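An overview of the molecular structure
Letter by letter, the chains look like this.
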Amino acid sequence: MDLYFSDLSKSYQGQNVFKNITGQINYKDKIGLVGANGVGKTTLARILAGEENSDKGQITYSPCNAKVLYIEQYPVFDINVSVYQQVLEMVSSNSNNDIKDIGAIVKRTLNKVGLDEQKWERKARSLSGGEKTKLSLCKAMVSDFDFLILDEPTNHLDMKSYEWLEDFVQNIAKPMMIISHDRYFLNNVVNNIWELTSRGLNTYQGNYSGYKIQKEIERKSVAKEYYNQQIKIQQLKQVINQRRNWYDSAHKAAGKNDFYRSKAKKHSNVLKAKQRELERIEKSKIDKPEKIVSPAFEVINKNIIVNKLPPFLVRGENLCKSFGEKKIFQDISFDIKRKDKIALIGQNGVGKTTFLKIVCGIDKNYSGSVTVNPSVKVGYFAQELDNLDSESTVLDSVLNERATAEETRLLLACLLFPGQEVYKKIGDLSMGEKGRVAFAKLILSDANLLVLDEPTNYMDIQSKEKVEEALGQFEGSILFVSHDRYLIQRLASRVFMIDDKSLHCYDGGYRYYLNKRKEQKKEEKIGTEYKYLADSIRRLEYELAFLGGKLSEVSDEEEKERLNKRYLEIAKRLNRNREKLSKL
């Protein structure tokens, strides 16, 4: 399937969302659609899917009856429909499915996305955010479509679900558009990036990392063109002023003198030509590139004196935690060292936020010990962002006696609150903007151990990258929970993973963790296979010994031939298993 759209425009209540955008999608394209929150990504997706009309423009599908499937960001389910019924309706509506196989398809699909049988009779509306995302993705698995649009498909998913989704998307041999702030996911699954901005739609070949490289080259090229154009404009203005002065002088002196009149005319012609050239340049004038504000490193680390911190900031020994009868941790031990940047990962519901609260001293209802060195000041960033006053301005919320107003405004500019933006009220901010304010407040709190619970939630890509820059330059220690694998890969020097009530500590970054996990899974697989082969070899050896004894006793030729045939079959199987065992 191919799709082409031209001059699409959309506005709401007189406010332009986007104007005159054009693009083309070919049958091999897997497109990642990125852009700031509110720029119109979902609106564009809904228009291409036929869920919404554009104000003007044209969309052409080839073939003309192509089926477009749109999986929305916030799925809405009927109030009385169960999880099982929801998928049953999806499967039944697909005419390609054999009526006899529908039940099997429903069960297989639910199991594949990780919705186990205990949840099948629950109301779809009662599911968690991540479970609702999984349920809506079932539609993509069982539907017949020519073009698939996924709007933030990784929302609320845990690491295991990310891996399943990546595999699913990579194996779909049809064109796709994916709206996502998950850069790691985009890196792994798309081959084109579309960037939607207030100025229009820009397209880039390759994954997210390739797009970033191209954007940087483009930024430098535009800056150079702008600089050269400004020099040209200044030169033309200077020439125009000179020629005007010369013309005025020659014109006054000319009178009826043909020589001076000719000279004045020449100056007049050059003046007009230079003015026309300046007008042409002004019409195609390059906008001044936005100034990139470098992270305020001095402000970020103003009160962090790393050398005076002890080697170990926090130690936990034999930590156990339960909620009633439910055990969360069982005898876990850990340490947090000076300059550590630790990513805490694990499935949803394993106790990551609980672990953070124990380290911060917020939750003290546990057994075992957690020792925090007296020189450590912990700063805690909670998902809920409930410590901000909605009536305060951004600047007032962050400003304190530890940093001057100038330093505070510099940090806020680095976090995308330039100029008058600092006077916005907290109550008027989006969740992503509130997250940046809470983060700035934390940075200026004198904390030398930051404990962060999903610090980039609700943020668009640009905001995430600004927070990452600041965290990357922070010289204290960081313990953070995040589903953002791009952030984890960029920031983490160690990885803690909670699994099956245990804490596994990896003394390396995210790639190190992934490699170690692969090795461990391989060892586990080999261990299982080794045990199976070893047991099988023992059984075959016993059977071979038994058959050998029987052969020496049997005199009947027919029975002897049967036993001999069986003996040779067992011997072959035994040799094959021994060979397999030797290769493990």
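Above this text sits the structure in question.
Before going into details, it helps to say that this report is about the structure given with it.

**As for the packing of helix α4 (residues 129–142) against helix α5 (residues 159–170)**
With their axes 12 Å apart at the nearest point, α4 and α5 run at an angle of 15° to one another. Viewed along their axes, α4 and α5 adopt a mutual orientation that is roughly parallel. Viewed along their axes, α4 and α5 form a crossing whose handedness is left-handed. Of the residues in α5, those in contact with K134, L137, A140 and M141 of α4 are S161, W164, L165 and F168.

**A word on the pattern of salt bridges**
Any two side chains of opposite charge can pair, given that their charged atoms come close. Using the criterion set out here, one finds 35 salt bridges in the structure. Close ionic contact of K215 with E195 constitutes a salt bridge, the shortest N to O distance being 3.1 Å. One end of the pair, K215, is in helix α7 (residues 208–254); the other, E195, is in strand β8 (residues 192–197), with 20 residues separating them in the sequence. In this structure, D446 and R402 form a salt bridge, with 2.9 Å as the shortest nitrogen-oxygen distance. Here the residue D446 occupies a position in the loop between α13 (431–443) and β15 (449–453), and R402 occupies one in the loop between α11 (394–398) and α12 (405–414), the gap between them amounting to 44 residues. Bridged by salt links that share partners, the residues R183, K212, K464, E465, E468, D484 and R490 form one connected network.

**Overview of the sheet that holds strand β13 (residues 367–372)**
Taken together, three strands build an open sheet; the order of strands is β11-β10-β13 and the sheet is antiparallel. Edge positions in the open sheet fall to β11 (326–337) and β13, since each of these has one partner strand only. Going across the sheet, the axis of each strand differs from the next one's by a mean of 15°, ignoring polarity. On the sheet, helix α10 (residues 352–360) packs against β10 (312–323), β11 and β13 and is oriented at approximately 55° with respect to β11.

**Some thoughts on helix α17 (residues 557–583)**
Residues lying three or four places apart along an α-helix face the same way, a consequence of the helix completing one turn every 3.6 residues. The first and last C-alpha atoms of α17 sit 39 Å apart over 27 residues, in line with the 39 Å expected at 1.5 Å per residue. Buried within α17 are the following residues: L563, I570, A571, L574 and N577. Buried residues belonging to α17 abut α16 (510–553). Its side-chain oxygen at 3.4 Å from the backbone nitrogen of E558, D556 defines the N-terminal cap of α17.

**Observations regarding the sheet that holds strand β4 (residues 56–62)**
On the basis of which strands lie adjacent, the open sheet formed by three strands has the order β2-β1-β4 and antiparallel pairing. Across the chains shown, the open sheet's two edge strands, defined by having one partner strand only, are β2 (15–25) and β4. When the angles between neighbouring strand axes are averaged without regard to direction, this sheet yields 15°. Packing of helix α1 (residues 41–48) onto the sheet brings it into contact with β1 (2–12), β2 and β4, and relative to β1 it is tilted by some 125°.

**Considering α12**
Of all the positions in α12, only T408, L411, L412, A413 and C414 are classed as buried. Just downstream of α12 lies L416, where phi reads positive at about 70°.

**A look at a positive patch on the surface**
Together, R539, K572, R573, R576 and K580 line one region of the surface with positive charge. If one sorts the elements of the positive patch by residue count, α17 sits on top with four residues. Tracing the backbone through its elements, the reader meets R576 in helix α17. Its relative accessible area of 48% is what places R576 among the partly exposed residues.

**Description of the packing of aromatic side chains**
Considering all chains together, one arrives at 12 aromatic pairs under this definition. Ring plane angle 90° and centroid distance 5.8 Å describe the contact between Y208 and Y486, whose orientation is recorded as edge-to-face. Of the two residues, Y208 sits in helix α7 while Y486 sits in helix α15 (residues 485–491), which places them 278 residues apart along the sequence. In this structure Y208 comes out as buried when scored by relative accessible area, which is 1%. By relative accessible area, which is 17% here, Y486 ends up buried. Between Y506 and Y513 the ring centres are 5.2 Å apart and the planes differ by 80°, which places this aromatic pair in the edge-to-face class. No difference in accessibility class separates Y506 from Y513, as the two residues are buried. An aromatic cluster of at least three residues, connected via ring pairs, comprises Y184, Y506, Y510 and Y513. Above the ring of F312, the side-chain terminus of R315 is found at 3.9 Å from the ring centroid.

About the thresholds
Numbers given for residues are sequential positions, taken from 1 along each chain in its written order. Totals for whole chains, interfaces and linings use all residues, but because this is a predicted model, local features are given only for residues with pLDDT of at least 70 and pairs of side-chain atoms are given and counted only at 80 or more. Water and hydrogen atoms play no part in the side-chain values, which are based on all heavy atoms of the structure. Each axis is a line fitted through C-alpha atoms, and for a helix only the stretch in contact is used; angles between axes span 0 to 180 degrees, taken between their N-to-C directions. Strands here mean DSSP runs of E at least two residues long; helices mean DSSP runs of H or I at least four residues long; both are numbered from the N terminus. Convention used here: angles under 35 degrees read as roughly parallel, angles over 145 as roughly antiparallel, angles from 65 to 115 as roughly perpendicular, and any remaining angle as oblique. In this scheme the handedness of a crossing depends on how the near helix is turned from the far one: anticlockwise by less than a right angle means left-handed, clockwise means right-handed. Working rule for contacts: check all heavy atoms of both residues, and any pair within 4.5 Å makes them a contact. Basic side-chain nitrogens of Lys or Arg form a salt bridge, by our definition, when they fall within 4 Å of a carboxyl oxygen of Asp or Glu. Here, strands pair whenever DSSP counts at least two bridges between them. Helix span, as expected, comes to 1.5 Å for every residue beyond the first. Relative accessibility under 20% of the residue-type maximum defines a buried residue, over 50% an exposed one, and the middle range a partly exposed one, all with a 1.4 Å probe and only protein chains included. Counting of polar contacts relies on pairs of N or O atoms within 3.5 Å, with two restrictions inside protein: one atom must be capable of donating a hydrogen and the other of accepting it, and residues adjacent in sequence are counted only when both atoms are side-chain atoms. A residue counts toward a patch only above 30% relative accessible area and without a salt bridge, and it is joined to like-charged neighbours within 9 Å or, for Val, Leu, Ile, Met, Phe, Trp and Tyr, to nonpolar neighbours within 5 Å. Computed with the Shrake-Rupley method and a 1.4 Å probe, the accessible areas treat only the protein chains shown as cover for residues. Positive charges are assigned to Lys and Arg, negative charges to Asp and Glu, while His and the chain termini are left out of the count. The atoms used to mark charge sites are NZ of Lys, CZ of Arg, CG of Asp and CD of Glu. Stacked, tilted and edge-to-face pairs are distinguished by plane angle, under 30 degrees for stacked and over 60 for edge-to-face with tilted covering the rest, among Phe, Tyr and Trp rings (Trp via its six-membered ring) whose centres lie within 6.5 Å. Over a ring means this: the NZ of a Lys or the CZ of an Arg is within 6 Å of the ring centre and within 35 degrees of the ring normal.

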